Amino acid sequence: LGDRDESATLAKALGSSVTPRPPEAGTIELPFLPLGEGEAHRNLKERVARDPTLVGLPASARATMEFCFLSGDRVDIAFDLGGGKRAVVEIETVFTEPGAHQAIKYRALMEARIAVPLGSGHVESILVGHRFDTKTRDLADRYGIRLVAIPP
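Residues numbered from 1 in each chain as written. Predicted model: local features only at pLDDT ≥ 70, side-chain atom pairs only at ≥ 80, totals over all residues. Heavy atoms only, no water.

S.K.: Explain the packing of aromatic side chains here, please?
M.R.: Centre distance and the angle of the planes are the two values used to describe a pair of aromatic rings. Evaluation of the coordinates by the stated rule reveals two aromatic pairs. Ring plane angle 15° and centroid distance 6.2 Å describe the contact between phenylalanine 69 and tyrosine 106, whose orientation is recorded as stacked. Note that phenylalanine 69 is positioned in the loop between strand S1 (62-68) and strand S2 (74-82) and tyrosine 106 in helix H3 (residues 97-113), a separation of 37 residues in sequence. One aromatic cluster is present, built from ring pairs that chain together Phe67, Phe69 and Tyr106. (Phe/Tyr/Trp six-rings, centres within 6.5 Å; stacked < 30°, edge-to-face > 60°. Helix = DSSP H or I, 4+ residues; strand = E, 2+ residues; numbered from the N terminus.)

So, in structure tokens, the structure goes:
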């Protein structure tokens, strides 16, 4: 169910013992199908786009929602911070680990888009969610993704 509202209901009903199963190495089967975004996801995305200070960015940051890269990938929000700096923000309201992987990808895509070396520090990658599990936190620490928890 990806980030649709129904996934939160299902996860709550099943309890914390159920977690999404990661894809097997070498397969193309995806555990999260792009079925659209739920209302909670859309509301959080719009809230962050209107007020970048919620994620520690300057109020002057200019937001573009659903920023599309040449690859066809779309980041939830891309911020132009001025001075050649950018930030990419991925929103995940339920299952955050896939969002951490996306945040890594979107940072690299934005670095390529603005023609700076990968890992140059010109692009910050932020993952926003209601809460984060240990796997997401570990992945974010390993790859320099800033996590911002915003309660529902």
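S.K.: Sorry, what's going on with helix H4 (residues 134-143) here?
M.R.: Every α-helix winds through 3.6 residues per turn, so residues three or four apart in the chain are directed the same way. All buried positions along H4 are accounted for by Thr136, Leu139 and Ala140. Around the axis of H4, the buried residues are gathered within 100° of arc, so they sit on the same side. Seen from the open side of H4, the exposed residues pointing more than 90 degrees away from its buried face are Thr134, Asp141 and Arg142. In the segment just after H4, glycine 144 is the residue with positive phi, at about 70°. (Buried < 20%, exposed > 50% of the residue type's maximum accessible area, 1.4 Å probe, protein only. Arc of directions from axis to C-beta.)

S.K.: Where do I start with the pairing of strand S5 (residues 146-149) in this structure?
M.R.: The side chains of a regular strand alternate between the sheet's two faces. Pairing of strand S4 (residues 123-129) with S5, which is carried by four bridges, proceeds in the parallel orientation. Bridge assignment links glycine 129 to a residue of S5, and that residue is alanine 149. Traced from S4 through H4 to S5, the parallel crossover comes out right-handed. (Pairing = 2+ DSSP bridges. Right-handed = clockwise from strand over helix to strand, strands pointing away.)

S.K.: Can you help me understand the sheet that holds S2 in this one?
M.R.: For sheets, the rule is that strands pair by backbone hydrogen bonds, running either parallel or antiparallel. What the five strands build is an open sheet, ordered S1-S2-S3-S4-S5; its pairing is mixed. Where the open sheet ends on each side, the last strands, each with one partner, are S1 and S5. Averaged over all neighbouring strand pairs, the angle between strand axes comes to 30°, with direction disregarded. Of the strands in this sheet, S1, S2, strand S3 (85-91) and S4 touch helix H2 (residues 39-50), which is tilted by about 10° from S2. (Axes fitted to C-alpha atoms, helices over the stretch in contact; angles between N-to-C directions. Contact = heavy atoms within 4.5 Å.)

S.K.: What is the right way to look at the nonpolar core in this model?
M.R.: The tendency in soluble globular proteins is for nonpolar side chains to be buried as a group. Val48, Phe79, Val89, Ile126 and Val128 are the most contacted members of the largest nonpolar core, which totals 15 residues. Beyond its immediate sequence surroundings of up to four residues, isoleucine 126 is in contact with Val55, Leu57, Ala87, Val88, Val89, Glu90, Ile145, Arg146 and Val148. Of all hydrophobic cores here, the second largest spans eight residues; its members include Val75, Ala78, Val88 and Tyr106. (Core = buried A, V, L, I, M, F, W, Y, C linked by side-chain atoms within 4.5 Å.)

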